[in-house]
Amino acid sequence: MKVNLAYDGDDDVVRTDLHPPVSAPLANSRSVPVLYVNGRAVPPSIASRARPGQTLLDYLRNELRLCGTKLGCGEGGCGACTVLISSVRRSSEVEGGGKSKIVHAAVNACLYPALAADGRHVTTIEGVGSWKRDSILAPAETSTGDNKVDEGDDDRLHPIQRALADGHGSQCGFCTPGIIMALYGLLSVEDDDGGGVGPAVRASELEERMDGNLCRCTGYRPIWDAARGLCRSGHGGMVDDVEDLGPVGSCGTPCRECPSREDCVEECNVNANDVSLSYAPSSQSSSMVVCTTESNMREVRVKRLDVERRWWRQPYEMFPDDLLMRKTTSDVDRDGNGNEDGGTGVREFLSRPLVVVDASVHDGGTWFQPTTLVELLDLYRVHGRKGDGNGGIKMVVGNTEVGIETKFKKMVYPRMVHPSEAIRSLYEIFLSGTSLVVGGCASLSDLQSFCHDLMMTKKDQEGGEFDANLLRTALPTHNMLRWFASTQIRNVACLGGNLVTASPISDMNPLLCCHGASIVLASRPKADGGIERRRVRVSDFFLGYRRVDIGEIEMIERVEIPLVRSRFEYVAPFKQARRREDDISIVTAGMRIRLRPDEGDGDGREMHWIIEDVVIAYGGMAPMTTLAKGAMAYMVGKSFGEETFVGARRALLEEFDIPDDAPGGQAKYRMTLAASFLHKFYLLCVGELTKDVAEAAASGLTLPPVATIPIDEGDVEGFVGAPKPSIRGVQTYPSPRIAVGLEANHLGHHRPDALAAVDGVGKPAKHASGPLHCTGEALYTDDIPAPRDLLHGYLIMSTRCHAKLVSVDVAPALRIPGIVGAFTHEDIVTLGGDNRMGPILLDDVAFVPVGTTVDYVGQVLGIVVGVSQEIAEKGARAVAVEYQDLEGKAVVSIEDAIESNSFWIDNIHEMQRGGNVTEILQKSEFDGKKLVIVEGSIRSGGQEHFYLEPNTTLAVPSESATNLTIYASTQAVTKTQMFCASVTNTPAAKVVCRMKRMGGGFGGKETRSVFISVAAAVAAKMTNRPVKLTLNRDTDMSITGGRHAFLSKYKAGAVIQEDGNVKLFALDVQIYNNGGCKFDLTGPVLDRALFHIDNVYYWPHFHSVGIPCKTAQPPHTAFRGFGAPQGMIVSEHILDHLALACDVSGDKLRRDNMYMPDQCTPFGIPLGGKSTGNWNVPDMWDQLYTKLDVPGMRAAAEEFNRKNKWKKRGVGFTPTKFGISFTSKFMNQGGALVHLYTDGTVLVSHGGTEMGQGLHTKVSQVAAQAFGIPLDHVYINDTSSDKVANTLPTAASMSTDLYGMATLDACLQILKRIQPVRDSLPSNAALKDVAKKAFFDRIDLSAHGFYALDNDRCGYDWTKEKPEGYPDDMPENSWRGRAFNYFTQGVALSVVEIDVLTGDHKTLSTDLLVDVGSSINPAIDIGQIEGAFVQGMGWSTIEEVIYGDDDHTWIRPRARVFTTGPGTYKIPAFNDVPEIFNVSLLDSENPFAVHSSKAVGEPPFFLGCSVFFAIKDAVTAARGVSEYFEFRLPATSERIRMMCGDEISSECIGAASDVKSSFQPKGSF
Ligand SMILES: Cc1cc2nc3c(=O)[nH]c(=O)nc-3n(C[C@H](O)[C@H](O)[C@H](O)COP(=O)(O)OP(=O)(O)OC[C@H]3O[C@@H](n4cnc5c(N)ncnc54)[C@H](O)[C@@H]3O)c2cc1C
Ligand code: FES
Ligand code: FES
């Protein structure tokens, strides 16, 4: 045991004072910030705890205990931490003068420095509206500041909160406060028309700017609905003004825009015929509920009319008077100098510079906030601008670069300077003669709105005519900024920051270069001298990788962007990233060209256009922003035409030669993008010039003709200039009914409808925690109030793999003030604990023992605990670890594993039915019919769970650490309990694991969370103090594993029948998955892939083998779908391959080969009827096929493709069936404990965990229905191992099946016991009266319920041979048992459009039809479907996990995962959702689950791959040849672009003819 006894961790006692305040040159400085939060002034004693280096998020959560604001990533990429910063802009600061204005900006609190909030008002989710206030506290007690909410009004939720809670806009709820705050920021805009404050924003503006938040659960559609309903007008992007829309219904939705108008009975409903109706299955329509984006909006709008005006004034009314113009007296001693500041006024106080020194154990250095330029420049003169820890000073403006550097690159800046907004020259933006002048610290949002205003309002400026050149200057900047980071980042980040950082992939720098912008640098070299200014062109500013031409004492005062002057001058920005929104570019560019008409020479030379000037600047092509000087030189003076551009392209390729191992990878793609942008630029300029020439001709001018371009090359506009889509959809579900399912047979319960329940079974009840999610009052593990003596932990992690662990020396950590202890494997030995871990094989360890090997980068070696997470992290990094490399190189990929035979040999599983496929697949005909054979492979990449809440554990010891309570964010309560017990050598009965809710899990917290809990438990046990361990996002993503990557090799044959139909005949497939270095759940995941390789198709002869590969990646684990999607992707790929080889349409081949009822799967389950319930896939396929006119859609796509060379459309039509139940028999069990109280309320505890999937809501509905009480009379306890013991992880989508039944069992036991009492009372007696009487009659009102799936319906044993005498008429392989109870089924149809030149794609529409039986809660089920779909779409398109392997040698060390945060790993964002997103539930039933429902969590995931197949279809169209190609998954922009193949990519690849078939972008599989 190593405990630092010298220091008890009280940062009030021990203070370091390494950086005493520097008064000069800030002589009149103050030392205490002035902070206002949620309408109240933070008392100076608490404000003074804000320290340099601390983020606002840390301050809010840890000092003010405002835990509604969440930490999702800590790098500005998820928006979970969004808060609103409000400040006053004085009259001189407001454009055009006029009155002062309160301005609001949503920001990322995880980057925003706490001290930057000085003099501003911070609104957190707690200040917006409170659910608790509703029920617990009187309004007067809780009103936030001056919030003038009408007393007596009992609706305490802000309309945004109400809209999201009512509109099913939250699932796990972890992202929800951030999303609400982002919306609050966007909607809190003063109404320009003088009508006061209101949601003045148009939907289109919202669509433009909801770009800084991620949600991993919902699929965004319900959030869009809720948000749009609060806007001024209907669908943005299509119409801008309510008036444009014609009549508007009382619902607030413009009729012309409403797709459900045909059903609308309102009088205002006119002209019904000019809108197209979205899909709803006609056969079901009579009994279907149709729920549209618009009808959702209607509900929201009605609420809005009731309550909103006072709410929309809230951010203005909450704004502290102190910060407004008028002077207020203050009698506090704010600067801690012992004198009261009464009478000086807060504004005056604030006008003094701020100097704060961190005297705490955190040693954050000094923060300066000068208020004049002279003060600022004097600081530079005194300290220099190095800011590298050697005494220099670092300017911090938005902190969006510096914050990342300090947090992730561990840079230390002991002196930071944050210029006050009072230094106007740094923040102002204005037009001056020939330039747009931008202050060096002005926010990018201000620049964006300035450009927007220029574009919108300068039409009638002095010159009279609209200045087109102004537009040509402003538009590219505005457009580029639309895709620059996110609204939250743009609200704080500045142009100076972008320039000085000099990132090679900066978005603004190339554009500034192409505009010919220059930078004005200011300095004050002499204390008694004036300010000196130096001008440098942006294109000369960059000297090398992150090196710029800026002196030690200089800073950027302003940037001057010259206005476009010539009529024939065109500017365009280009950007391609992995994801459109909030993503750093792969390649970015700014291009400007000035053309001059050449009159001809009268010698027969035609009039033509000459390139007078051209600038082409790239980011992403070199270590710094670079001009393509060769190409530019080639072009100047030449005539404007394709030939010149082709020549320039060649010059470009000579100029830039990116080596394959260049950092960032994607070398050939980057080259191709650069060349493709140039081609796009040419085509765009032709379009613009053509328009201008036509306009000039109209006014009588004769100009040279413009080169014509082929008609199909006209549409090349990329997403940069296009409006963001408006997402809408129709959700359709059968009219709610209380269906009878398995409980009839299992529990003899036939009449659930005997008692009516409000929001009971079948109703679209709202998520039980919705209001708490929306107010930030829902508690997650990290929000649990800190117990006394709490310590924070940080893991000691291996920085290597494939090495022997020689020593771990924790002494350096223990020397750090604030560190309390450091524990390794030795301490587990001291405790007498068992170090072994693992869910199936005990092949993993809690802490790696010295002398053994480290198997992956990030493997846990121990834990350091200290007074804060920051300190603990410092300690963990100080631990000295020695390694000794093992021979050879680490096995990383599946190919590596195959090469070195690195498999879990005992877990190779095989399935065989029918004849010998090897023999069959050697033939060319069968039974006289032609046998078409194909052979190939398909790879699918891994996936990161990206639950918004990182793993967290709080371990609390009691009674001298003999007992432990573990609060964990886990799907596996019992596993957590058991391993914490065994590793710390504590009896399981003395360890309790509790879990209230998770911020998402998706399988990622099924096994990997346990390792985190165990580490905290060891430290808690050793110190006898509570220990909290919250993983940073990058740690979480580095060590917790994810979805397994797969490689499948196949040979398949189909028979061509006499009638021309093609029948699948034989399949032989080997599938490999990359399990990482420990077995974890690799075997079962692979098994499920094997069980789903057939998808919905019948193969008479079938052989599959699954081979789990052992590599040096972190252990991979469960992830929604659990291997099934990886299996189904194989069959869909093979069907495409066969369709091509047999020359039939893929749709027909699929439909002709779907299982018929009673046909058997290869693992022996007959489909349909008594076996699995109805087999609905063929019928669902037909319904969608007919209703949506799939042939028509395909024809329309073909037509589009014929007309467009550079844009292609594709259609993906994809079915799925998903097996429900755990394949291990013992796991199909669940328990519940139900208490009926004498007030008629019911408390349920069950073994399942709530991670957003709505399990608790559905189980509550089951209980409410059973007791016949309203839903809000049922409460669900946290999941706790002392209430329901020996639980299984919440997984396999099974939880409603298990815990719904177990709960119903318990309810029925109680009901049975109280029946005599009920009978003795009047028939209308309330439950509380029955319960009360039963209690006095000494009847037990509690029951434990239990459910185990029938023996003959679950459990599959791979090793079991066919027993002697097994009946021949039984299906093959059925002797091994039964893999699944039933199947959830579905079909999806998606249409996409790709940009051939860049690889960008957008999903135009998706229609889903899903069979989830009789839904217990259609709203929750639709939410699950949409969320799973979007997650599946992400996996198959933009989400790419990358490891350091042979294909990515620039990632070091080998085997390290590179994608460790939202910056490098992209999950779908708000605008990635299909533009039309319709979901229908089939009117169906299921006798094998509670209330005839079906499991829903995982099955729709695979339907997301319809987008992948649509992209593949579009890529096939672009390739223009009908030949097989392996289109690997995910379909990243790189794969799309490079697989399309054309003359441009061929030039870049350097391979000419066979490029289309052979080039494969790299990937990590
Ligand atoms: C989530 C996220 C997304 C992002 N997306 C993009 C993107 O899409 N495109 C892109 O190009 N960048 C992106 N960035 C990078 C970053 O936002 C920009 O570089 C931004 O412009 C930096 O501005 P800042 O005010 O935050 O700089 P800070 O972090 O405050 O400072 C950055 C550097 O500039 C210096 N500096 C700042 N202002 C001045 C000045 N006036 N004079 C002298 N030195 C100065 C600082 O001292 C520091 O060295 C992203 C960053 C994050 C965190
Ligand atoms: S936590 Fe701040 S953006 Fe993710
Ligand atoms: S509800 Fe958005 S992340 Fe879970």
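What counts and what doesn't
- Residues numbered from 1 in each chain as written.
- Chains lettered and ligands numbered in written order.
- Predicted model: local features only at pLDDT ≥ 70, side-chain atom pairs only at ≥ 80, totals over all residues.
- Heavy atoms only, no water.
- UniProt positions renumbered as here; feature names shortened; annotations may be inferred.
- Helix = DSSP H or I, 4+ residues; strand = E, 2+ residues; numbered from the N terminus.
- Contact = heavy atoms within 4.5 Å.
- Axes fitted to C-alpha atoms, helices over the stretch in contact; angles between N-to-C directions.
- Parallel < 35°, antiparallel > 145°, perpendicular 65-115°, else oblique.
- Left-handed = near helix turned anticlockwise from the far one by under 90°.
- Buried < 20%, exposed > 50% of the residue type's maximum accessible area, 1.4 Å probe, protein only.
- Salt bridge = Lys/Arg side-chain N within 4 Å of Asp/Glu carboxyl O.
- Near = heavy atom within 4 Å.
- Polar contact = N/O pair within 3.5 Å; in protein donor to acceptor, adjacent residues only side chain to side chain.
- Areas by Shrake-Rupley, 256 points an atom, 1.4 Å probe, with all protein chains shown as cover.
- Nonpolar A, V, L, I, M, F, W, Y, C, P; charged D, E, K, R; others polar.
- Pairing = 2+ DSSP bridges.
- pLDDT = per-residue confidence, 0-100.
- Phe/Tyr/Trp six-rings, centres within 6.5 Å; stacked < 30°, edge-to-face > 60°.
- Lys NZ or Arg CZ within 6 Å of the ring centre and 35° of its normal.
- Expected span 1.5 Å × (residues − 1).

Going by the annotation in an unreviewed UniProt entry, the name recorded for the chain is Xanthine dehydrogenase, with Cyclostephanos tholiformis given as the source organism. The heading Sequence similarities (unreviewed entry) in the UniProt record of the chain holds the text "Belongs to the xanthine dehydrogenase family."

**Topic: the UniProt feature "binding site: [2Fe-2S] cluster 2" (unreviewed entry) in the chain**
Using the residue numbers shown here, the UniProt feature "binding site: [2Fe-2S] cluster 2" (unreviewed entry) corresponds to Cys172, Cys175, Cys215 and Cys217. A maximum C-alpha distance of 9.3 Å is found for the annotated residues, which run over 46 residues; spatially they form one tight group. By secondary structure assignment, the location of Cys172 is in the loop between helix H5 (159-166) and helix H6 (176-187). Setting aside anything within four residues of it in sequence, one finds Cys172 in contact with Cys217, His773, Tyr780, Met998, Gly999, Gly1000, Met1251 and Gly1252. Along the chain, Cys175 turns up in the loop between H5 and H6.

**Regarding the packing of helix H41 (residues 1295-1320) against helix H42 (residues 1327-1336)**
Contact pair H41 / H42: the axes reach a minimum separation of 9 Å and the direction vectors enclose 110 degrees. For the element pair H41 / H42, the angle class is roughly perpendicular. The handedness of the crossing between H41 and H42 comes out as right-handed. On the side of H41, the interface is formed by Ile1314, Val1317, Arg1318 and Ser1320, while H42 contributes Leu1327, Val1330, Lys1333 and Ala1334.

**Considerations on the environment of Phe408**
Tracing the sequence through the fold places Phe408 in helix H13 (residues 402-408). Exposure remark for Phe408: the relative accessible area of 26% places this residue in the partly exposed category. Taking the C-alpha atoms as reference points, Phe408 and Asp1034, separated by 626 residues in sequence, lie 8.7 Å from one another. Discounting chain neighbours no more than four positions away, the residues touching Phe408 are Cys73, Gly74, Glu75 and Asp1034.

**Regarding the side chain of His1137**
Mapped onto the elements of the fold, His1137 is located in helix H35 (residues 1124-1142). Classification of His1137 as buried rests on a relative accessible area of 8%. Setting aside chain neighbours within four positions, we find His1137 in contact with Val934, Glu935, Tyr1050 and Tyr1524.

**Details of the pattern of salt bridges**
Scanning all chains against the criterion turns up 84 salt bridges. The partner of Arg313 in a salt bridge is Glu317, and the shortest N-O contact between them spans 3.3 Å. Here Arg313 falls in the partly exposed class, since its relative accessible area comes to 30%. Linking Asp1337 and Lys1333 is a salt bridge whose minimum nitrogen-to-oxygen distance equals 3.2 Å. Accessibility expressed as a relative area gives 32% for Lys1333, which makes it partly exposed. Look at the salt bridges and you will find they share partners, linking Glu569, Arg592, Arg594, Arg596, Glu612 and Asp613 into a network.

**A few points about the site of ligand 1**
In the vicinity of ligand 1 lie 33 residues, with Met395, Val397, Thr400, Glu401 and Asp507 positioned nearest. Side-chain polar atom of Lys394 to an oxygen atom of ligand 1: 2.8 Å apart, as the coordinates give it. Its free accessible area being 970 Å², ligand 1 has 95% of it covered by the protein chains. For the shell around ligand 1, the secondary-structure elements that each account for two or more residues are strand S12 (394-395), helix H18 (495-501) and strand S20 (555-562). Here the shell around ligand 1 is composed, by residue class, of 16 nonpolar, ten polar and seven charged.

**Brief notes about the pairing of strand S38 (residues 963-968)**
Where strand S37 (residues 952-958) meets S38, six bridges bridge the pair, whose relative direction is antiparallel. Within the sheet, the bridge partner assigned to Val956 lies in S38 and is Thr965. Connecting S37 to the next strand, S38, in antiparallel fashion are four residues, including Glu959 with a positive phi near 50 degrees. Relative to strand S39 (residues 991-995), S38 runs parallel, the two sharing four bridges. Residue pairing for S39: Leu964 is matched across the bridge by Val991.

**Here's the deal with the confidence of the model for the chain**
Detailed conclusions should not be drawn from predicted coordinates in areas where pLDDT is low. Here the chain averages 89 in pLDDT, and 87% of its residues register 70 or above. Predicted confidence is poor over residues 134-154, with pLDDT under 50, and the contacts of this stretch with residues over four places away or in other chains come to 25 contacts. With pLDDT under 50 throughout, residues 265-286 is counted as low confidence; its partners more than four residues away or in other chains account for 51 contacts.

**Considerations on the sheet that holds strand S10 (residues 354-357)**
Across a sheet, strands are paired by hydrogen bonds formed along the backbone, either parallel or antiparallel in direction. Strand order across the open sheet formed by four strands is S10-S11-S13-S12, with mixed pairing between neighbours. At either end of the open sheet lies a strand with only one pairing partner, and these are S10 and S12. Together, strand S11 (366-369), S12 and strand S13 (415-417) form the strand contacts of helix H12 (residues 373-383), whose direction differs from that of S13 by roughly 155 degrees.

**Quick word on the sheet that holds strand S24 (residues 626-627)**
Overall, antiparallel pairing links the four strands, which are arranged S21-S22-S23-S24 in an open sheet. What marks the edges here is a single partner per strand, and that holds for strand S21 (569-577) and S24. Examined bridge by bridge, S21 and strand S22 (residues 585-598) share nine bridges and lie antiparallel to one another. Residue Phe574 lies in a different strand from S22, and its bridge partner there is Ala589. This element, helix H16 (residues 468-482), spans S21 and S22 of the sheet and lies at about 5 degrees to S21.

**Here's the deal with the packing of aromatic side chains**
Within this structure, the stated rule accounts for 34 aromatic pairs. Both rings, one in Trp1450 and one in Phe1458, keep their centres 4.9 Å apart while their planes meet at 80 degrees; by these two values the pair is edge-to-face. Trp1450 gets classed as buried once you look at its relative accessible area, which sits at 14%. The exposure class of Phe1458 is partly exposed, given its relative accessible area of 25%. A connected cluster of aromatic rings, assembled from ring pairs, spans Phe1091, Phe1163, Tyr1356, Trp1358, Phe1380 and Phe1383. We note Lys1005 situated over the ring of Tyr947; from NZ or CZ to the ring centre the distance is 4.4 Å. We note Arg1043 situated over the ring of Trp1435; from NZ or CZ to the ring centre the distance is 5.2 Å.

**Focus on helix H32 (residues 1008-1023)**
In this model H32 runs 24 Å from its N-terminal to its C-terminal C-alpha over 16 residues, within 8% of the 22 Å that 1.5 Å per residue would give. Along H32, 16 of the 16 residues are buried, which leaves the element largely enclosed by surrounding structure.

**Observations regarding the UniProt feature "binding site: Mo-molybdopterin" (unreviewed entry) in the chain**
Here the UniProt-annotated "binding site: Mo-molybdopterin" (unreviewed entry) positions come out as Gln971, Phe1002, Arg1120 and Ala1292. The annotated residues occupy 322 residues of the chain but converge on a single region, no pair of C-alpha atoms lying more than 12.6 Å apart. Tracing the backbone shows Phe1002 in the loop between S39 and H32. Those residues in contact with Phe1002, other than ones at most four positions away along the chain, are Arg216, Cys217, His945, Tyr947, Gln971, Ala1118, Phe1119, Arg1120, Met1251 and Gln1431.

**What to know about the side chain of Lys680**
By secondary structure assignment, the location of Lys680 is in helix H23 (residues 667-698). Sequence-distant contacts of Lys680, that is, excluding residues within four places in its chain, are made with Phe574, Val716, Glu717, Gly718, Asp1395, Leu1397 and Thr1398.

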